Amino acid sequence: MQLRLIYPKFKKFLEDHPVLRESLKEHVVGDYTMPPSLALPIIAALTPDDIDVNLTDDNIGQPIDFDEKVDLVVISCFTPQAQRAYEIADEFRKRGTLTIMGGIHPTAIPEECLEHCDSVCVGEVELVWERILGDLAKGKLEKLYKAEGVYSLGDLPVPKREIFPADNYKWNAHLVLTMRGCPVRCAGCPIPHKEDVGFRFRPVENIVEDIRSMPYRQFYFTDDTVMLPGKKNMRFLLEIMKHTEQLDVSIFLASTMMMVSDPEFYRKLRKGNVESMYTIFGFDQVSKNLLSKDCSTRDWNYGIDLVRMIEDSGIHFFASFGIGFDDQDEGVVDRILKFSDDARIDLAEFYIVTPYPGTPFGIQAANEGRILHRNYNFWNHGNVVFKPKNFTEKSLMDSFYRLWEEFYRNKTAESTLRSFDVV
Ligand code: SF4
């Protein structure tokens, strides 16, 4: 049997804003291509060796051969990729080739995806992949494969990243899975819905084996849950650091502002070769307090101290500020710029909140009739796709421009990109 895995293209934040993109090109980390999500190399690793598996990364412009004779086309996507995923699936279907979709978007709205593909995997693919392959061999794929229960991350194989077209990415940082699930339930996040509301940790030895197996230096732990306050998560991350401090690696972590506040913790992360902390200001309570018009001096200073604690430990703080939330007013733009100045943040991106299907905010916006359109090409955080509450659509877009322009007015690329090894 032959499988073709496809990672559809999605537009970066500034792709619809060429003037802004051009003027900021030396600063904008979010514009870089990097290797795809781990779902596809995990599928490759779970597939028996006698099945031929190949990947096309549409995101870096690899051509898709719609006439290729394969037994199954497997498409993994999140919402900004969904329009393109639908186009790709439609083309293969026209030619009679079976297609299956999985990932965050298909898990949220499988019925819509089934208008374009033959089958959808809902939830964690590891739990149903063997069944899918068995049914494919028998020639009778079901419409829906719903993963029941939760997958034990101790069983996760090392993802087969060899299927990636190596050396084609501008930022060659490889994703590493550390844990799944989250009980926090931020209103804009699909994770609790897709991965359940309990934490599941991948065994530290498997994480280290995964890192050691790769001929790369840069690794990106995208699970922001490792940074949530709590002894268990802290211990888990510090245990990983004991190993990574002995390796010649550079690690990028992700977090919300709801994170540990302990200088010693950050010193240990730095010792473990953590280079940068990508921090989302969004639906979590700490960001909300900080950017609200009623923010207390105490909360404001707490935010500044946290940024400085991270920077002073030698870790580059990379802020990602969201605008357009229902509890924000237009004054949030001034507050973001002031906070960035006060905390001396030199690397940031700015996004417009997007009501992803399946998230509490997405469901609420849809129920209130506030969705402007469902052309997912524009659901990439760089466009207004819903009716905001305290902004007009135009003022939200103008705020997005103003933030990017004003923040970078006095920044140099040497400073903003100091922690990124890009080609
Ligand atoms: S944004 Fe992070 S903390 Fe919030 S629900 Fe999602 S995974 Fe949990």
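Each value, and the rule that gives it
Residues numbered from 1 in each chain as written. Predicted model: local features only at pLDDT ≥ 70, side-chain atom pairs only at ≥ 80, totals over all residues. Helix = DSSP H or I, 4+ residues; strand = E, 2+ residues; numbered from the N terminus. Rg over C-alpha atoms; globule rule 2.2 N^0.38 Å. Buried ≥ 20, exposed ≤ 12 C-beta atoms within 10 Å, placed from the backbone. Contact = placed C-beta atoms within 7 Å. Domains from an automatic or database assignment. Nonpolar A, V, L, I, M, F, W, Y, C, P; charged D, E, K, R; others polar. Axes fitted to C-alpha atoms, helices over the stretch in contact; angles between N-to-C directions. Parallel < 35°, antiparallel > 145°, perpendicular 65-115°, else oblique. Left-handed = near helix turned anticlockwise from the far one by under 90°. Core = buried A, V, L, I, M, F, W, Y, C linked by C-beta atoms within 7 Å. Pairing = 2+ DSSP bridges. Arc of directions from axis to C-beta.

A. Broad picture of the overall build of the protein. A tally of regular secondary structure across the protein gives 16 helices and 14 strands. A compact globule built from 423 residues would reach a C-alpha radius of gyration of about 22 Å, and the protein, at 21 Å, matches this within 12%. With the principal axes as the frame, the protein shows a C-alpha extent of 65 × 50 × 40 Å. Looking at the 423 residues of the protein, the share that counts as buried comes to 44%. If you take every contact in the protein between residues at least 6 apart in sequence, the share linking residues at least 24 apart comes to 76%.

B. Local environment of the domain arrangement of the protein. Taken as a whole, the protein is organised into domain 1 (2-146) and domain 2 (171-416). Contacts between the two partners involve 29 residues from domain 1, matched on the other side by 29 residues from domain 2. Counting only elements with at least two residues in the side of domain 1 that touches domain 2, the list comes to α3 (82-94) and α4 (104-108). The biggest single contributor to the side of domain 1 that touches domain 2 is α4, with four residues. Across the side of domain 1 that touches domain 2, the residue classes tally to 15 nonpolar, nine polar and five charged.

C. Broad picture of the environment of Arg202. Relative to the elements of secondary structure, Arg202 occurs in the loop between β9 (200-201) and α8 (204-212). Put simply, Arg202 and Gly154 are 48 residues apart on the chain and 5.8 Å apart in space, counted from C-alpha to C-alpha.

D. Representation of the packing of helix α13 (residues 332-342) against helix α15 (residues 393-408) in the model. The interhelical angle for the contact between α13 and α15, taken along N-to-C directions, is 20 degrees, at an axis separation of 10 Å. What the angle tells us is that α13 and α15 run roughly parallel. Relative to α15, α13 is oriented so that their crossing is right-handed. For the pair formed by α13 and α15, the contact residues are Val333, Ile336, Leu337 and Ser340 on the first element and Ser399, Arg402, Leu403, Glu406 and Phe407 on the second. Here the contact of α13 with α15 is built from residues that sort into five nonpolar, two polar and two charged.

E. A look at the nonpolar core. In terms of nonpolar packing, the biggest core is built from 107 residues, with Leu5, Ile43, Ile75, Met101, Leu253 and Ile323 touching the most fellow members. Counting only domains with at least three residues in this core, you end up with domain 1 (2-146) and domain 2 (171-416). Residues contacting Ile75, with those up to four places away along its chain left out, are Ile6, Pro8, Ala85, Ile88, Ala89, Thr99 and Met101.

F. How the structure looks around the sheet that holds strand β2 (residues 52-57). One open sheet holds the six strands; their spatial order is β2-β1-β3-β4-β5-β6, and the pairing between them is parallel. Each of the sheet's edge strands pairs with one partner strand only, and the pair in question is β2 and β6 (144-146). Between one strand axis and the next, the sheet turns by 20 degrees as a mean value, whatever way the strands run. Set on the sheet, α3 makes contact with β1 (2-7), β3 (72-76) and β4 (99-102); between it and β4 the angle comes to about 160 degrees.

G. Structural view of α13. Within α13 the residues assigned to the buried category are Val332, Val333, Ile336 and Phe339. Mapping the buried residues of α13 onto a view down its axis gives an arc of 130 degrees, with all of them on the same face. Facing away from the buried side of α13, by more than 90 degrees, are the exposed residues Lys338 and Asp341. Check the buried side of α13 and you find it contacts α11 (285-291), α12 (297-312), β13 (316-323) and α15. In the stretch just after α13, Arg344 is the one whose phi turns positive, near 55 degrees.

H. Structural context of the environment of Ser399. Mapped onto the secondary structure, Ser399 falls in helix α15. Looking at Ser399, the number of C-beta atoms within 10 Å reads 22, which means it is buried. The sequence separation of Ser399 and Lys143 amounts to 256 residues, and the corresponding C-alpha distance is 43 Å. Excluding its chain neighbours within four sequence positions, the residues that come into contact with Ser399 are Ile323, Glu330, Val333 and Phe391.

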